[in-house]
Amino acid sequence: MSRGRYLVLYTVLTGMELSWLYLAAAMLSRLTGERFSAFVLVAVFLAAFGISRVLRRLRWRKRYIFILGFLLFLTTVQFALKLPFYARSGLSDWLLALPRAFASLGRTFKPELTIFLASIPLWGLGVRLSRAKLSFGVLVAEFQFGLALLLTTFFLSSQLSITLPGAVVVAVVFITISLLGLGVAHTEGGMSWLKGRNRGLWLGLLILTITLVLVLGLLITALVTPDLINLVLKPVRWLIGTIDRMGTAVATYLEARLPKIEAPPEMTREPTPVAEPPERDIWRFLGWDIRLRDILRSIFALFWLGLIFVGIWQACSWLISILSRRLAMNSGAEVEQIEGAFRQDLLVFLKSIWRWLLGLRRLFERRKVASSGFVGIDGVRGVYRALLSWAAKRGLARSPAETPWEYLHTLQGALPSGHNELNFITGLYVSARYGMVSPAEAELAQLRATWASLRKAPAKARSIPIRGKGV
Amino acid sequence: MNKPTGVMASEIAGVSEAATRFNANVGKVIVGKSDVIEFVLAALLTEGHILIEDVPGIGKTVLARTVAKSLGLSFKRIQFTPDLLPSDVTGIYYFNQKSSEFEFRPGPIMANIILADEINRATPRTQSCLLECMQERQITVDRETMPLPRPFLIIATQNPIELEGTFPLPEAQLDRFLMKLRLGYPSFDEEKTVIERFQEASPLDSLESVITADELLELQKLCRRVQVHDSLRSYIVQIVHSTRNHEGIELGASPRASLGLLQASQSLAAIKGRGYVIPDDIKRLAVPVLTHRLTARTEARLRGHSLEETVAEVVKSVPVPVE
């Protein structure tokens, strides 16, 4: 991929994320009484992106990088608190802002905590953006995700009666840059919907389509006025009214025909007046705070939102599968639709988050004392796992159906200078993994040295071409 | 937890060394085809039967004879024809007028290595007489069961062309063959070497045995002790299960196929001088061990997908147990 296109796609991806992030942050700001600007949260996201890019270049151990990253996160949050809340406060007030907010959590929920909690997912998103691989598939997924989040934000804002500044503009910008980015990524893969001399004009066709949709939207907005809607609804109202009148007439007729039942004399006695029960406020009776109603209403809204989200997801999946099938058919491939593919992708994504969280433990665990006789095997397996991870980061991930020896050929092809080292590691791994052959001390020492020398070839490793670009 | 048990390195070296002698000996007659010879040896060490499907004149019979001679085992050839009866294969009881008793005359099946030539030309009735031989390694004639000599191996051949007047082997019988192999045409140089080698006399005539029957039985026992990691057993079962769920396969492989693949992998590992099986062994043997046991769907056949391609596809779809 050329440097220019790389920059364009990265800008598009960042723009897509910033669009819905800004709206979500604006809504959060309104909810907390505009005590802070949405730009503060957006700045956290951008800071996370920049810091993550820098940290990736460090050659430290993972645990130290994690600790440094965490400290930088706290620092960023601290700076995010400075402008809205502590612009004119002293240093000590500013530095103790977060600890005090946590300390008073039992009594009150301070807006500083809102910024802290909102910063956590934003930080994660910024880190994720810094590691994003630019391809058509990634941009499609981002588009789907962003679109769903935009709609969620609009729905919540309407439910909670919050006005979001520039929401329409942001949404239009999001859709425009997304589709432009998708177009660029699409043509990057050399797969245009048009063949022959019209290849490459796909981008122009896309812009034309966007313009057409916008013009049609404006036309519809101009034509479909409330008067028109009233005109359309008038016969519907008449019909409902007619049915209602007919129903009433039938009920009256039947009532007239039915024999009247005379009440017995004792029943004509005036009933003794019963004191009306005092009007009760159900919430107070139950002892719950009135804010609970808002929470329950939000839960109800989220439930419906979830249903809409699923519907949009399904619609997008269907649309994308049609597009990809069309695309594949043009290139002569047979495509079979996989049921539940996006659900699987979502589950895989959630599982990967869970595994990552579990993996954090390993950074701080002491090395376990392995049972005798198997220290060597665990060591060999650990090195091979590290090799797999190292190669995957360089775009040489092992295919699931590849055996270690088959994978060795792949690695040796990409890294000829490490031919002997890779052969040695693979041979030792195969015997340890499948034969449970514990290596000798000398072999273990040689393995560590071999792995260390292999890892020290970053310059050569970076020249390994990235596999699997595009779809 | 898998602990390092099983066969010792020195014992496996013996298997590997015997395999080298065998390969070299067979190589004096058969030119090239080292893969096929290795698979044949693996089948021998697994005591599994082999089905060779190939065009005429490719060396199927020569291969079977060479294998028999290299092992110093008795060899019988049965030419399957439509008029062949089961008793022609197994043997009969006949009345000996001199001794006035019924005596059993064993059929050609009573040998260590049987070449069942053009097995698909015999009627299903005659084909089915091999079922008991292949599975239980015994025959039943007139309600008397007799064991077959050990080791016992059937090498059957069939022609993939000229299917008129033939009787395709039933699934039950195909499942009893451990492997189906194809020799294939030799390359230009190989064919030239063949005609040079066979120009004056057949090298088969002067071939000596390199492994005795007892030694072979010992090697077979050693191969059964080759270590198989639990994850590889799961891998084998996963491959076989995938054949049952593949959209292009109507009838998938049976548990017998899983066992066959496991034991053949053990033999192949031993031939390579390893005391343990690796995934490469299983992948290499998947096509010869599984292909003939499957039935393709009509749609797959019409699309021109061969079963070999389908099995290769299945193997590619099953993840190998690595970290």
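Structure first, text after, so check above.
Chains are numbered independently. Their residues run from 1 in the order of the written sequence. Ligands are numbered from 1 and chains lettered from A, in the order in which they are written. Only residues with pLDDT of 70 or above have their local features reported here, since the model is predicted, and side-chain atom pairs are shown and tallied only from 80 upward, although totals for entire chains, interfaces and linings are computed over all residues. Side-chain measures were taken over the full set of non-hydrogen atoms in the model, leaving aside hydrogen atoms and water.

K.L.:
Even after reading the chapter, I still don't get the pattern of salt bridges, so can you show me in this structure?
P.N.:
Charged atoms that come close allow side chains of opposite charge to pair. Residues and elements named next belong to chain B. Any carboxyl oxygen of Asp or Glu within 4 Å of a side-chain nitrogen of Lys or Arg constitutes a salt bridge here. Applying the stated criterion across every chain, the model contains 21 salt bridges over all chains. A salt bridge links R150 to E47, with the nearest nitrogen and oxygen atoms 2.6 Å apart. One end of the pair, R150, is in the loop between β7 (144-147) and β8 (153-158); the other, E47, is in the loop between α2 (34-46) and β1 (49-53), with 103 residues separating them in the sequence. The residue D175 makes a salt bridge to R293 at a minimum N-O spacing of 3.0 Å. A residue pair is termed long-range when its members are at least 10 positions apart, and D175 in the loop between α6 (171-174) and β9 (177-181) and R293 in the loop between α11 (279-290) and β11 (295-296) qualify at 118 residues. Here D175 falls in the buried class, since its relative accessible area comes to 12%. Via salt bridges that share partners, D35, E38, K272 and R284 belong to a single interconnected network. Helix and strand definitions follow DSSP, with helices as H or I runs of at least four residues and strands as E runs of at least two, each counted in order from the N terminus. Exposure is judged per residue with a 1.4 Å probe applied to protein chains only, and the accessible area is read against the type maximum: over 50% gives exposed, under 20% gives buried, and values in between give partly exposed.

K.L.:
Would you mind going over a nonpolar patch on the surface with me for this structure?
P.N.:
Residue and element names in this part refer to chain A. Residues enter a patch when their relative accessible area is above 30% and they make no salt bridge; the linking distance is 9 Å between like charges and 5 Å between nonpolar side chains (Val, Leu, Ile, Met, Phe, Trp, Tyr). Calculation of accessible area relied on Shrake-Rupley with a 1.4 Å probe; when residues are assessed, cover is drawn exclusively from the protein chains displayed. A cluster of nonpolar side chains, L346, L347, F349, L350, I353, W354, W356, L357 and L358, forms an exposed patch at the surface whose accessible area comes to about 860 Å². Relative to the helices and strands, L357 is located in helix α14 (residues 341-364). Taking the relative accessible area as the measure of exposure, L357 reaches 39% and is therefore partly exposed.

K.L.:
Could you clarify how one ought to interpret the sheet that holds strand β5 (residues 113-117) of chain B in this entry?
P.N.:
In any sheet, the strands associate via hydrogen bonds between backbone groups, in a parallel or an antiparallel arrangement. Residue and element names in this part refer to chain B. One bridge is not enough; two strands pair if DSSP finds at least two bridges between them. Pairing in this open sheet of 5 strands is parallel, and the strands run β2-β5-β8-β1-β9 from one edge to the other. Each end of this open sheet is capped by a strand with a single partner; those strands are β2 (75-79) and β9. Taken pair by pair, the neighbouring strands of this sheet meet at an average axis angle of 20°, ignoring direction. Sheet analysis places β1 next to β9, joined by 4 bridges and oriented parallel. Note on β9: the bridge partner recorded for I52 is L181. Between the N-to-C directions of two axes lies an angle of 0 to 180 degrees, each axis being a line fitted to C-alpha atoms and, for a helix, fitted only over the stretch in contact.

K.L.:
Teacher, can you tell me more about the packing of aromatic side chains here?
P.N.:
What characterises a pair of aromatic rings is the spacing of the ring centres plus the angle enclosed by the ring planes. Residues and elements named next belong to chain A. Pairing of aromatic rings covers Phe, Tyr and the six-membered ring of Trp, with a centre-to-centre limit of 6.5 Å; geometry is then stacked below 30 degrees between planes, edge-to-face above 60, and tilted otherwise. Following the criterion strictly, the structure yields 14 aromatic pairs over all chains and no others. Between F73 and W123 the ring centres are 5.3 Å apart and the planes differ by 70°, which places this aromatic pair in the edge-to-face class. With a gap of 50 residues between them, F73 in helix α3 (residues 62-85) and W123 in helix α6 (residues 111-130) connect regions that are remote in the sequence. By relative accessible area, W123 is classed as buried at 12%.

K.L.:
Looking at this structure, how should I read the pairing of strand β6 (residues 138-141) of chain B?
P.N.:
On a regular strand, one side chain projects to one face of the sheet and the next to the other, so that they alternate. Along β6 of chain B, the buried face is formed by I139 and V141 of chain B; none of Q138 and T140 of chain B, which line the opposite face, is buried. Between β6 of chain B and β7 of chain B, which follow one another and run antiparallel, lie 2 residues, and D142 of chain B among them has a positive phi close to 50°.

K.L.:
Help me understand helix α10 (residues 226-257) of chain A in this model?
P.N.:
Residue pairs spaced three or four apart in an α-helix point in one direction, given the helix's 3.6 residues per turn. Given a rise of 1.5 Å per residue, 32 residues ought to cover 46 Å, and the 45 Å separating the end C-alpha atoms of α10 of chain A matches this to within 8%. In the structure, α10 of chain A departs most strongly from a straight axis at L233 of chain A, where the bend amounts to approximately 35° and where the proline P235 of chain A lies between one and four residues downstream. Expected helix span is taken as 1.5 Å per residue step, with the number of steps being one fewer than the number of residues. Given a residue, its bend is the angle between the two axes fitted to the seven residues that end at it and to the seven that start from it.

K.L.:
Help me understand the packing of helix α1 (residues 9-27) of chain B against helix α8 (residues 213-224) of chain B, please; the structure alone is not making it clear to me.
P.N.:
Helix-helix packing is described using two parameters, namely the angle between the two axes and the distance between the axes. All names here are of chain B. Running from amino to carboxyl end, α1 crosses α8 at an angle of 130°, the nearest separation of the two axes being 10 Å. When the axis of α1 is compared with that of α8, the two are oblique. When the axes of α1 and α8 are compared, the crossing they make is left-handed. Contacts between α1 and α8 involve E11, G14, V15, A18 and R21 on the former and, on the latter, E215, L219, L222 and C223. The class makeup of the residues in the contact of α1 with α8 is 5 nonpolar, 1 polar and 3 charged. When an angle is under 35 degrees it counts as roughly parallel; over 145 it counts as roughly antiparallel; between 65 and 115 it counts as roughly perpendicular; any other value is oblique. We call a crossing left-handed when the near helix sits turned anticlockwise from the far one by less than a right angle, and right-handed when that turn is clockwise. In what follows, a contact means two residues having at least one pair of non-hydrogen atoms within 4.5 Å. As a working rule, the residues Ala, Val, Leu, Ile, Met, Phe, Trp, Tyr, Cys and Pro are called nonpolar, Asp, Glu, Lys and Arg charged, and the rest polar, with Gly in that last group.

K.L.:
How should I be thinking about the interface of chain A and chain B in this particular structure?
P.N.:
A common way to express how large an interface is: the accessible area buried when the components associate. Taken together, the contacts link 23 residues of chain A with 23 residues of chain B. Taking both sides of the interface into account, the surface hidden between chain A and chain B amounts to around 1,900 Å²; carbon and sulfur atoms contribute 57%. A per-residue breakdown of the area chain A buries against chain B is headed by A401, Y434 and M436 of chain A, which together make up 34% of the total. At the junction of chain A with chain B, the criterion picks out 1 salt bridge. Residue E406 of chain A pairs with K283 of chain B through a salt bridge whose shortest N-O separation is 2.8 Å. Any N or O atom pair separated by 3.5 Å or less is treated as a polar contact, with the protein-specific requirement of one donor-capable and one acceptor-capable atom, and with residues adjacent in sequence counted only for side-chain atom pairs. At the boundary of chain A and chain B, one finds 6 residue pairs in polar contact (both at pLDDT 80 or more). Listing elements by their share of the side of chain A that touches chain B, those giving two or more residues are α15 (375-393), α16 (404-414) and α17 (419-435) of chain A. Here the element with the most residues in the side of chain A that touches chain B is α17 of chain A; it accounts for 6 residues. Looking at side-chain class alone, the side of chain A that touches chain B contains 12 nonpolar, 3 polar and 8 charged residues. Note on definitions: buried area is the accessible-area loss of two parts on being combined, 1.4 Å probe, summed for both.

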